[in-house]
Amino acid sequence: MDLLDKLEVLADAAKYDVACTSSGIDRKATKGMLGSTTCAGICHSFTPDGRCVTLLKVLMTNVCVYDCAYCVNRCSNQVTRAAFTPRELADLTMAFYRRNCIEGLFLSSGVIKTPDYTTELMIRTLSLLRGEYGFRGYIHAKAVPGASPELVGTLGLLADRMSVNLELPSSQSLALLAPEKSRSSVLSPMRQIRDGIAEDKETRALVRKKATHMSTRRPPRKERAFVPAGQSTQMIIGATPESDYQILNLSAALYRSFSLKRVFFSAYLPVNQDDRLPSQNAVQLDREHRLYQADWLLRFYEFDVGEIIDQEHPFLDTQVDPKANWALNNLDLFPVEVNAAPYEMLLRVPGIGVTGARKIVQARRTCCLREDELRKLGIAFKRARFFITCAGKHQGAGVRMRPEDIRPYLAAPIDGGRHGRRADKPLPGQMSLFDSLADQSFGWKRELQEALA
(Lines give C-alpha, C1' and ligand atoms only; values in the text may rest on other atoms or scores of the structure.)
Protein backbone atom coordinates (compact mmCIF):
# COMPACT_ATOMS: atom_id res chain seq x y z
CA MET A 1 0.00 0.00 0.00
CA ASP A 2 1.24 3.50 -0.84
CA LEU A 3 2.49 5.51 2.13
CA LEU A 4 -0.09 8.26 1.75
CA ASP A 5 -2.85 5.68 1.34
CA LYS A 6 -1.72 4.30 4.69
CA LEU A 7 -1.92 7.80 6.11
CA GLU A 8 -5.47 8.21 4.85
CA VAL A 9 -6.56 4.91 6.44
CA LEU A 10 -4.75 5.33 9.75
CA ALA A 11 -5.53 9.02 10.24
CA ASP A 12 -9.22 8.29 9.67
CA ALA A 13 -9.07 5.37 12.11
CA ALA A 14 -7.55 7.67 14.77
CA LYS A 15 -10.44 10.15 14.73
CA TYR A 16 -12.39 8.18 17.35
CA ASP A 17 -9.74 8.91 19.96
CA VAL A 18 -10.58 12.33 21.46
CA ALA A 19 -7.81 12.50 24.06
CA CYS A 20 -5.82 15.05 22.09
CA THR A 21 -4.68 18.19 23.89
CA SER A 22 -2.18 20.99 23.60
CA SER A 23 1.28 20.50 24.99
CA GLY A 24 1.12 21.72 28.58
CA ILE A 25 4.91 22.09 28.74
CA ASP A 26 7.54 24.61 27.69
CA ARG A 27 10.60 23.50 25.74
CA LYS A 28 12.74 26.00 23.89
CA ALA A 29 14.40 25.38 20.57
CA THR A 30 17.94 24.02 20.70
CA LYS A 31 20.69 24.49 18.15
CA GLY A 32 21.08 21.44 15.94
CA MET A 33 17.63 20.05 16.83
CA LEU A 34 14.10 20.59 15.54
CA GLY A 35 10.95 21.78 17.26
CA SER A 36 9.85 23.31 20.53
CA THR A 37 6.73 23.30 22.70
CA THR A 38 4.77 25.96 24.55
CA CYS A 39 1.99 25.83 27.12
CA ALA A 40 -0.17 27.95 24.83
CA GLY A 41 -0.83 25.02 22.54
CA ILE A 42 -0.18 24.01 18.96
CA CYS A 43 -1.50 25.16 15.58
CA HIS A 44 -4.83 23.61 14.56
CA SER A 45 -5.72 21.48 11.57
CA PHE A 46 -9.07 19.90 10.73
CA THR A 47 -10.02 16.35 9.80
CA PRO A 48 -12.62 15.68 7.09
CA ASP A 49 -15.44 15.14 9.60
CA GLY A 50 -14.81 18.52 11.25
CA ARG A 51 -12.77 17.47 14.28
CA CYS A 52 -10.17 19.98 15.35
CA VAL A 53 -6.79 18.41 16.08
CA THR A 54 -3.55 20.00 17.14
CA LEU A 55 -1.15 17.28 16.00
CA LEU A 56 -0.58 14.68 13.34
CA LYS A 57 -3.07 12.26 14.87
CA VAL A 58 -2.55 8.76 13.56
CA LEU A 59 -2.44 5.08 14.46
CA MET A 60 0.68 2.99 14.17
CA THR A 61 -1.64 0.33 12.78
CA ASN A 62 -5.34 -0.47 12.72
CA VAL A 63 -4.59 -4.19 12.76
CA CYS A 64 -5.85 -5.46 16.12
CA VAL A 65 -6.06 -8.85 17.78
CA TYR A 66 -8.83 -7.64 20.12
CA ASP A 67 -12.54 -7.78 19.33
CA CYS A 68 -13.94 -4.88 21.38
CA ALA A 69 -17.63 -4.50 20.53
CA TYR A 70 -17.56 -0.70 20.16
CA CYS A 71 -14.36 -0.37 18.11
CA VAL A 72 -14.31 0.09 14.33
CA ASN A 73 -10.91 -1.63 14.22
CA ARG A 74 -12.06 -4.81 16.01
CA CYS A 75 -10.55 -7.93 14.47
CA SER A 76 -13.92 -9.24 13.29
CA ASN A 77 -14.64 -6.14 11.18
CA GLN A 78 -13.99 -6.21 7.45
CA VAL A 79 -12.11 -2.92 7.08
CA THR A 80 -9.04 -1.91 5.13
CA ARG A 81 -6.00 -2.66 7.25
CA ALA A 82 -2.68 -0.85 7.18
CA ALA A 83 0.46 -0.45 9.27
CA PHE A 84 3.34 2.00 9.27
CA THR A 85 6.90 0.89 9.75
CA PRO A 86 8.72 3.02 12.34
CA ARG A 87 10.82 4.61 9.60
CA GLU A 88 7.78 5.45 7.48
CA LEU A 89 5.95 7.17 10.31
CA ALA A 90 9.04 9.05 11.51
CA ASP A 91 9.76 10.29 7.98
CA LEU A 92 6.11 11.25 7.47
CA THR A 93 6.01 13.20 10.73
CA MET A 94 9.15 15.13 9.83
CA ALA A 95 7.87 15.84 6.31
CA PHE A 96 4.68 17.36 7.74
CA TYR A 97 6.66 19.25 10.37
CA ARG A 98 9.06 20.74 7.83
CA ARG A 99 6.08 21.90 5.76
CA ASN A 100 4.76 23.71 8.87
CA CYS A 101 1.58 21.60 8.89
CA ILE A 102 2.06 20.22 12.41
CA GLU A 103 4.10 20.83 15.52
CA GLY A 104 3.80 17.42 17.09
CA LEU A 105 2.53 13.85 16.97
CA PHE A 106 -0.35 12.01 18.62
CA LEU A 107 0.39 8.30 18.30
CA SER A 108 -1.95 5.48 19.20
CA SER A 109 -2.30 2.00 17.79
CA GLY A 110 -4.31 -1.15 17.47
CA VAL A 111 -2.74 -4.18 19.12
CA ILE A 112 -0.76 -6.01 16.46
CA LYS A 113 0.44 -9.45 17.59
CA THR A 114 0.91 -8.54 21.28
CA PRO A 115 0.91 -5.40 23.46
CA ASP A 116 4.70 -5.67 23.82
CA TYR A 117 5.28 -5.95 20.07
CA THR A 118 3.03 -2.95 19.43
CA THR A 119 4.78 -0.88 22.09
CA GLU A 120 8.17 -1.77 20.62
CA LEU A 121 7.07 -0.40 17.24
CA MET A 122 6.00 2.85 18.88
CA ILE A 123 9.27 3.09 20.80
CA ARG A 124 11.31 2.59 17.62
CA THR A 125 9.31 5.34 15.91
CA LEU A 126 9.79 7.83 18.73
CA SER A 127 13.46 6.88 19.08
CA LEU A 128 14.00 7.80 15.43
CA LEU A 129 12.25 11.13 15.94
CA ARG A 130 14.04 12.04 19.16
CA GLY A 131 17.45 10.54 18.35
CA GLU A 132 18.16 10.49 14.63
CA TYR A 133 16.05 13.54 13.70
CA GLY A 134 16.58 15.49 16.92
CA PHE A 135 12.87 16.31 17.16
CA ARG A 136 11.99 18.30 20.29
CA GLY A 137 8.34 18.94 19.45
CA TYR A 138 5.35 17.63 21.37
CA ILE A 139 4.60 13.89 21.30
CA HIS A 140 1.57 12.26 22.91
CA ALA A 141 1.75 8.46 23.03
CA LYS A 142 -0.98 6.02 23.99
CA ALA A 143 0.27 3.24 26.25
CA VAL A 144 -1.02 -0.20 25.29
CA PRO A 145 -2.70 -2.00 28.22
CA GLY A 146 -0.87 -5.24 28.94
CA ALA A 147 2.56 -4.02 27.80
CA SER A 148 5.49 -4.80 30.09
CA PRO A 149 6.48 -2.14 32.67
CA GLU A 150 9.95 -1.86 31.10
CA LEU A 151 8.51 -0.89 27.73
CA VAL A 152 6.03 1.53 29.28
CA GLY A 153 8.94 3.16 31.12
CA THR A 154 10.97 3.49 27.90
CA LEU A 155 8.00 4.99 26.06
CA GLY A 156 7.51 7.50 28.88
CA LEU A 157 11.05 8.82 28.42
CA LEU A 158 10.35 9.54 24.73
CA ALA A 159 6.87 11.07 24.99
CA ASP A 160 5.73 14.34 26.52
CA ARG A 161 2.30 13.10 27.50
CA MET A 162 0.98 9.57 27.83
CA SER A 163 -2.51 8.24 28.19
CA VAL A 164 -4.10 4.89 28.88
CA ASN A 165 -7.72 4.59 27.80
CA LEU A 166 -10.00 3.48 30.61
CA GLU A 167 -12.46 2.70 27.77
CA LEU A 168 -15.61 2.15 29.85
CA PRO A 169 -16.82 3.43 33.24
CA SER A 170 -17.01 0.08 35.06
CA SER A 171 -15.33 -3.31 35.24
CA GLN A 172 -18.62 -4.99 34.37
CA SER A 173 -19.01 -2.98 31.18
CA LEU A 174 -15.39 -3.62 30.21
CA ALA A 175 -15.87 -7.37 30.71
CA LEU A 176 -19.02 -7.26 28.57
CA LEU A 177 -17.79 -5.18 25.62
CA ALA A 178 -14.01 -5.72 25.73
CA PRO A 179 -13.48 -9.14 27.32
CA GLU A 180 -9.81 -9.33 26.25
CA LYS A 181 -9.06 -6.30 28.44
CA SER A 182 -9.26 -5.97 32.21
CA ARG A 183 -9.39 -3.08 34.61
CA SER A 184 -6.07 -4.15 36.15
CA SER A 185 -4.33 -4.09 32.75
CA VAL A 186 -5.47 -0.47 32.37
CA LEU A 187 -4.79 0.75 35.90
CA SER A 188 -1.33 -0.82 36.18
CA PRO A 189 0.33 1.38 33.51
CA MET A 190 -1.60 4.41 34.82
CA ARG A 191 -0.17 3.74 38.26
CA GLN A 192 3.32 3.21 36.83
CA ILE A 193 3.15 6.49 34.89
CA ARG A 194 1.95 8.35 38.02
CA ASP A 195 4.78 6.94 40.11
CA GLY A 196 7.33 7.56 37.36
CA ILE A 197 6.33 11.22 37.08
CA ALA A 198 6.52 11.72 40.85
CA GLU A 199 9.90 9.97 41.09
CA ASP A 200 11.30 11.97 38.18
CA LYS A 201 10.23 15.27 39.76
CA GLU A 202 11.75 14.29 43.09
CA THR A 203 15.02 13.25 41.47
CA ARG A 204 15.27 16.48 39.49
CA ALA A 205 14.58 18.54 42.60
CA LEU A 206 17.47 16.79 44.39
CA VAL A 207 19.77 17.35 41.41
CA ARG A 208 18.92 21.07 41.35
CA LYS A 209 19.52 21.32 45.08
CA LYS A 210 22.86 19.58 44.75
CA ALA A 211 23.83 21.79 41.81
CA THR A 212 23.50 24.92 43.97
CA HIS A 213 26.38 23.61 46.11
CA MET A 214 28.54 22.89 43.05
CA SER A 215 28.75 26.38 41.58
CA THR A 216 32.40 25.93 40.64
CA ARG A 217 31.76 22.65 38.86
CA ARG A 218 29.91 21.95 35.65
CA PRO A 219 26.26 21.04 36.42
CA PRO A 220 25.26 17.45 35.65
CA ARG A 221 23.81 16.76 32.21
CA LYS A 222 20.01 16.64 32.19
CA GLU A 223 18.33 13.43 31.15
CA ARG A 224 14.99 13.46 29.39
CA ALA A 225 12.09 13.93 31.80
CA PHE A 226 9.56 11.16 32.27
CA VAL A 227 6.18 12.19 30.76
CA PRO A 228 6.67 15.88 31.62
CA ALA A 229 3.18 16.90 30.41
CA GLY A 230 1.44 14.30 32.59
CA GLN A 231 -1.11 11.66 31.69
CA SER A 232 -4.76 11.56 30.67
CA THR A 233 -7.43 8.97 29.93
CA GLN A 234 -10.63 8.54 27.96
CA MET A 235 -13.90 6.71 28.50
CA ILE A 236 -16.84 6.02 26.19
CA ILE A 237 -20.19 7.46 27.27
CA GLY A 238 -23.53 5.96 26.30
CA ALA A 239 -22.47 2.47 25.24
CA THR A 240 -23.25 1.14 28.72
CA PRO A 241 -25.87 2.07 31.34
CA GLU A 242 -23.69 3.94 33.88
CA SER A 243 -25.16 7.24 35.04
CA ASP A 244 -23.49 10.65 35.02
CA TYR A 245 -23.30 10.37 38.81
CA GLN A 246 -21.18 7.21 38.52
CA ILE A 247 -19.03 8.68 35.75
CA LEU A 248 -18.25 11.91 37.61
CA ASN A 249 -17.42 10.05 40.82
CA LEU A 250 -15.07 7.85 38.81
CA SER A 251 -13.46 10.93 37.23
CA ALA A 252 -12.95 12.55 40.63
CA ALA A 253 -11.36 9.34 41.95
CA LEU A 254 -9.03 9.19 38.93
CA TYR A 255 -7.89 12.77 39.50
CA ARG A 256 -7.20 12.03 43.17
CA SER A 257 -5.54 8.65 42.72
CA PHE A 258 -3.58 9.06 39.49
CA SER A 259 -2.96 12.83 39.30
CA LEU A 260 -4.42 12.94 35.80
CA LYS A 261 -4.26 16.11 33.74
CA ARG A 262 -7.53 15.34 32.02
CA VAL A 263 -10.35 12.81 31.77
CA PHE A 264 -11.87 12.78 28.29
CA PHE A 265 -15.44 11.71 27.54
CA SER A 266 -16.35 10.32 24.13
CA ALA A 267 -20.00 9.93 23.18
CA TYR A 268 -20.60 6.44 21.86
CA LEU A 269 -20.68 6.32 18.05
CA PRO A 270 -22.58 3.35 16.58
CA VAL A 271 -20.02 1.99 14.12
CA ASN A 272 -20.70 -1.74 14.64
CA GLN A 273 -23.66 -4.08 14.74
CA ASP A 274 -23.55 -5.99 18.00
CA ASP A 275 -26.27 -7.24 20.33
CA ARG A 276 -24.30 -6.01 23.33
CA LEU A 277 -24.46 -2.40 22.15
CA PRO A 278 -27.36 0.07 22.48
CA SER A 279 -29.98 -0.19 19.77
CA GLN A 280 -30.58 3.54 19.38
CA ASN A 281 -28.55 5.47 16.83
CA ALA A 282 -28.63 8.84 18.60
CA VAL A 283 -25.16 10.04 19.58
CA GLN A 284 -25.28 11.62 23.05
CA LEU A 285 -23.22 14.71 22.25
CA ASP A 286 -25.27 16.92 24.57
CA ARG A 287 -24.56 14.57 27.45
CA GLU A 288 -20.86 14.54 26.58
CA HIS A 289 -20.86 18.34 26.57
CA ARG A 290 -22.45 18.56 30.03
CA LEU A 291 -19.98 16.04 31.42
CA TYR A 292 -17.11 18.19 30.20
CA GLN A 293 -18.68 21.22 31.87
CA ALA A 294 -19.07 19.31 35.13
CA ASP A 295 -15.48 18.05 34.86
CA TRP A 296 -14.35 21.66 34.45
CA LEU A 297 -16.16 22.57 37.69
CA LEU A 298 -14.34 19.79 39.51
CA ARG A 299 -10.92 20.84 38.25
CA PHE A 300 -11.05 24.64 38.27
CA TYR A 301 -14.07 25.82 40.28
CA GLU A 302 -13.56 23.90 43.53
CA PHE A 303 -16.83 21.98 43.26
CA ASP A 304 -17.36 18.52 44.72
CA VAL A 305 -19.26 15.84 42.83
CA GLY A 306 -22.00 15.89 45.47
CA GLU A 307 -22.67 19.56 44.76
CA ILE A 308 -23.15 18.95 41.03
CA ILE A 309 -25.14 15.72 41.02
CA ASP A 310 -26.56 13.12 43.41
CA GLN A 311 -28.08 9.65 43.38
CA GLU A 312 -31.62 10.99 43.34
CA HIS A 313 -30.87 12.92 40.14
CA PRO A 314 -28.12 10.77 38.55
CA PHE A 315 -28.07 12.49 35.14
CA LEU A 316 -27.03 16.05 34.33
CA ASP A 317 -29.65 18.45 33.03
CA THR A 318 -29.15 18.87 29.27
CA GLN A 319 -31.08 22.16 29.20
CA VAL A 320 -29.08 24.03 31.85
CA ASP A 321 -25.33 23.81 32.42
CA PRO A 322 -24.20 22.22 35.73
CA LYS A 323 -23.03 25.47 37.30
CA ALA A 324 -26.30 27.27 36.55
CA ASN A 325 -28.24 24.24 37.77
CA TRP A 326 -26.33 24.34 41.08
CA ALA A 327 -27.08 28.05 41.45
CA LEU A 328 -30.80 27.49 40.79
CA ASN A 329 -30.83 24.83 43.50
CA ASN A 330 -29.06 27.12 45.97
CA LEU A 331 -30.77 30.46 45.47
CA ASP A 332 -30.63 31.07 49.22
CA LEU A 333 -26.93 31.91 48.73
CA PHE A 334 -27.68 34.61 46.17
CA PRO A 335 -27.48 37.41 45.22
CA VAL A 336 -23.88 38.17 46.14
CA GLU A 337 -22.28 41.59 46.13
CA VAL A 338 -19.54 41.65 43.46
CA ASN A 339 -17.69 44.41 45.29
CA ALA A 340 -17.34 42.36 48.47
CA ALA A 341 -17.90 38.64 47.80
CA PRO A 342 -14.86 36.39 48.29
CA TYR A 343 -13.18 34.90 45.24
CA GLU A 344 -14.51 31.41 46.04
CA MET A 345 -18.10 32.68 45.95
CA LEU A 346 -17.58 34.62 42.74
CA LEU A 347 -16.56 31.35 41.11
CA ARG A 348 -20.02 29.99 41.93
CA VAL A 349 -21.85 32.73 40.02
CA PRO A 350 -23.07 31.64 36.54
CA GLY A 351 -21.43 33.81 33.91
CA ILE A 352 -18.28 34.46 35.96
CA GLY A 353 -15.32 32.24 35.17
CA VAL A 354 -11.91 31.81 36.75
CA THR A 355 -10.38 34.68 34.79
CA GLY A 356 -13.40 36.91 35.37
CA ALA A 357 -13.37 36.30 39.12
CA ARG A 358 -9.69 37.22 39.32
CA LYS A 359 -10.27 40.40 37.33
CA ILE A 360 -13.15 41.38 39.60
CA VAL A 361 -11.05 40.91 42.74
CA GLN A 362 -8.28 43.00 41.24
CA ALA A 363 -10.49 45.76 39.74
CA ARG A 364 -12.64 46.37 42.82
CA ARG A 365 -9.57 47.47 44.76
CA THR A 366 -9.58 50.73 42.81
CA CYS A 367 -13.23 51.32 41.88
CA CYS A 368 -16.83 50.33 42.55
CA LEU A 369 -17.94 47.77 39.97
CA ARG A 370 -21.25 48.18 38.18
CA GLU A 371 -22.72 46.77 34.97
CA ASP A 372 -20.50 48.76 32.60
CA GLU A 373 -17.33 47.80 34.42
CA LEU A 374 -18.34 44.12 34.60
CA ARG A 375 -19.04 44.00 30.87
CA LYS A 376 -15.63 45.55 30.18
CA LEU A 377 -14.05 42.82 32.30
CA GLY A 378 -15.59 40.22 29.99
CA ILE A 379 -18.23 38.91 32.40
CA ALA A 380 -21.26 37.17 30.82
CA PHE A 381 -23.53 39.76 32.40
CA LYS A 382 -26.77 38.42 30.90
CA ARG A 383 -26.27 35.24 32.94
CA ALA A 384 -24.62 36.71 36.03
CA ARG A 385 -27.16 39.54 36.58
CA PHE A 386 -29.70 37.31 38.36
CA PHE A 387 -27.17 36.28 41.00
CA ILE A 388 -25.34 39.50 41.83
CA THR A 389 -25.76 42.97 43.27
CA CYS A 390 -23.62 45.98 42.38
CA ALA A 391 -23.25 48.50 45.19
CA GLY A 392 -26.28 46.91 46.83
CA LYS A 393 -28.53 47.04 43.75
CA HIS A 394 -29.83 43.77 42.35
CA GLN A 395 -29.16 43.41 38.62
CA GLY A 396 -31.93 40.93 37.82
CA ALA A 397 -34.15 43.49 36.04
CA GLY A 398 -37.17 42.73 38.20
CA VAL A 399 -37.03 38.94 37.78
CA ARG A 400 -38.03 37.25 41.03
CA MET A 401 -35.48 35.04 42.77
CA ARG A 402 -37.29 31.79 42.06
CA PRO A 403 -35.91 28.88 40.02
CA GLU A 404 -38.94 28.76 37.73
CA ASP A 405 -38.53 32.46 36.92
CA ILE A 406 -34.78 32.46 36.30
CA ARG A 407 -34.43 29.09 34.59
CA PRO A 408 -35.91 30.18 31.20
CA TYR A 409 -33.19 32.82 30.91
CA LEU A 410 -30.45 30.23 31.51
CA ALA A 411 -31.87 27.30 29.55
CA ALA A 412 -30.64 27.11 25.99
CA PRO A 413 -29.85 24.34 23.49
CA ILE A 414 -26.18 23.41 23.38
CA ASP A 415 -24.41 25.19 20.56
CA GLY A 416 -21.22 23.39 19.65
CA GLY A 417 -20.10 26.24 17.43
CA ARG A 418 -18.35 25.85 14.14
CA HIS A 419 -15.36 23.92 15.42
CA GLY A 420 -14.65 20.42 16.59
CA ARG A 421 -16.86 17.36 16.47
CA ARG A 422 -20.12 19.23 15.87
CA ALA A 423 -18.94 21.02 12.76
CA ASP A 424 -20.17 19.70 9.42
CA LYS A 425 -17.04 20.84 7.62
CA PRO A 426 -13.89 22.90 8.19
CA LEU A 427 -14.23 26.65 8.01
CA PRO A 428 -13.27 28.21 4.65
CA GLY A 429 -9.65 29.26 4.66
CA GLN A 430 -8.62 26.99 7.54
CA MET A 431 -5.83 24.48 7.00
CA SER A 432 -7.32 21.04 6.44
CA LEU A 433 -4.50 18.57 6.71
CA PHE A 434 -6.18 15.43 5.44
CA ASP A 435 -8.53 16.93 2.83
CA SER A 436 -5.59 18.49 1.07
CA LEU A 437 -4.00 15.07 0.62
CA ALA A 438 -6.88 14.11 -1.63
CA ASP A 439 -6.95 17.44 -3.48
CA GLN A 440 -4.52 17.07 -6.35
CA SER A 441 -4.94 20.75 -7.33
CA PHE A 442 -2.81 21.78 -4.35
CA GLY A 443 -0.09 19.33 -5.33
CA TRP A 444 0.44 18.26 -1.74
CA LYS A 445 0.54 14.56 -2.44
CA ARG A 446 3.19 15.01 -5.11
CA GLU A 447 5.24 17.34 -2.94
CA LEU A 448 5.05 15.04 0.08
CA GLN A 449 6.12 12.11 -2.05
CA GLU A 450 9.11 14.14 -3.21
CA ALA A 451 9.90 15.14 0.37
CA LEU A 452 9.81 11.50 1.48
CA ALA A 453 11.77 10.20 -1.50
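Scroll up to find the structure this text is about.
Residues numbered from 1 in each chain as written. Predicted model: local features only at pLDDT ≥ 70, side-chain atom pairs only at ≥ 80, totals over all residues. Heavy atoms only, no water.

### Concerning the overall build of the protein chain
Here is the rule: By the criteria applied, helices consist of DSSP H or I runs no shorter than four residues and strands consist of E runs no shorter than two, each listed in order from the N terminus. In what follows, a contact means two residues having at least one pair of non-hydrogen atoms within 4.5 Å. What sets the accessible areas is the Shrake-Rupley method with a 1.4 Å probe; for residues, cover comes only from the shown protein chains.
Across its full length, the protein chain carries 17 helices and 11 strands. Within the protein chain, contacts between residues separated by at least 24 positions form 70% of all contacts whose residues are at least 6 apart in sequence. Surface accessibility of the protein chain: about 22,000 Å² in total, with carbon and sulfur atoms responsible for 50%.

### Things to note about the nonpolar core
Heads up, the condition is: In this description, a nonpolar core means a group of buried Ala, Val, Leu, Ile, Met, Phe, Trp, Tyr and Cys residues linked to one another through side-chain atoms lying within 4.5 Å. Each residue is placed in one exposure class: buried if its accessible area under a 1.4 Å probe, protein chains only, is under 20% of its type's maximum, exposed if it is over 50%, and partly exposed if it falls in between.
By size, the foremost hydrophobic cluster in this structure holds 122 residues, and its most contacted members are Leu126 and Phe387. No other element matches helix α7 (residues 244-258), which puts 7 residues into this core. Contact partners of Phe387, with chain neighbours within four places excluded, come to Ala327, Leu328, Leu331, Phe334, Pro335, Val336, Val349, Pro350, Ile406 and Leu410.

### What to know about the packing of aromatic side chains
Two descriptors summarise a pair of aromatic rings, namely the distance from one centre to the other and the angle between the planes of the rings. How we decide: Any two of the Phe, Tyr and Trp rings considered here, Trp counted by its six-membered ring, make a pair once their centres fall within 6.5 Å; the pair's planes then place it as stacked at under 30 degrees, edge-to-face at over 60, or tilted in between. Charges are assigned to positions over rings by a cutoff of 6 Å between ring centre and Lys NZ or Arg CZ, combined with an angular limit of 35 degrees from the ring normal.
Taken as a whole and assessed by the stated rule, the structure comprises 8 aromatic pairs. Here the aromatic rings of Trp326 and Phe334 are separated by 6.0 Å at their centres, their planes lie at 85 degrees, and the arrangement is edge-to-face. We classify Trp326 as buried; its relative accessible area is 7%. On the numbers, 6.5 Å between centres and 85 degrees between planes, the contact of Phe386 with Phe387 is edge-to-face. In this pair, the class of Phe386 matches that of Phe387, namely buried. An aromatic cluster of at least three residues, connected via ring pairs, comprises Phe303, Trp326, Phe334, Phe386, Phe387 and Tyr409. The lysine or arginine in question, Lys113, covers the ring of Tyr117, its NZ or CZ lying 4.4 Å from the ring centre.

### Notes on the sheet that holds strand β7 (residues 231-237)
Keep this limit in mind: The pairing criterion for strands is at least two bridges between them, as found by DSSP. Comment: axis = line fitted to C-alpha atoms, over the contacting stretch for helices; angle = value between 0 and 180 degrees taken between N-to-C directions.
Ordered by their spatial adjacency, 6 strands build an open sheet running β3-β4-β5-β6-β7-β8, and the pairing between neighbours is parallel. Looking at strand neighbours, the two that pair on one side only are β3 (56-59) and β8 (262-267), the edges of this open sheet. The sheet shows a mean angle of 20 degrees between the axes of neighbouring strands, direction not considered. By the bridge criterion, 2 bridges tie strand β6 (residues 161-163) to β7 in an arrangement that is parallel. Each residue of the ladder has a partner; that of Ser163, found in β7, is Ser232. Packed on one face of the sheet, α7 meets β7 and β8 and runs near 165 degrees to β7. Against the sheet, helix α8 (residues 285-300) contacts β7 and β8, and its axis sits at roughly 170 degrees relative to β8.

### A short note on the pairing of β7
To be explicit about the condition: A clockwise course of the path from the first strand over the helix to the second, judged with the strands pointing away from the viewer, identifies a crossover as right-handed.
When you tally the buried positions in β7, you get 7 out of 7 residues, the bulk of the element. Side chains Gln231, Thr233, Met235 and Ile237 project from β7 onto one buried face, and the interleaved Ser232, Gln234 and Ile236 project onto a second face that is buried too. Looking at chain direction, β7 and β8 are connected through 6 bridges and run parallel. Considered in β8, the bridge of Met235 is made with Phe265. A crossover links β7 with its parallel partner β8, the connecting element being α7, and its sense is right-handed.

### Comments concerning the environment of Leu298
Mapping Leu298 onto the fold places it in helix α8. The buried category is assigned to Leu298, whose relative accessible area is 16%. Separated by 50 residues in the primary sequence, Leu298 and Leu248 place their C-alpha atoms 9.0 Å from one another. Among residues more than four places away in sequence, those in contact with Leu298 are Leu248, Phe303, Asp304, Val305 and Ile308.

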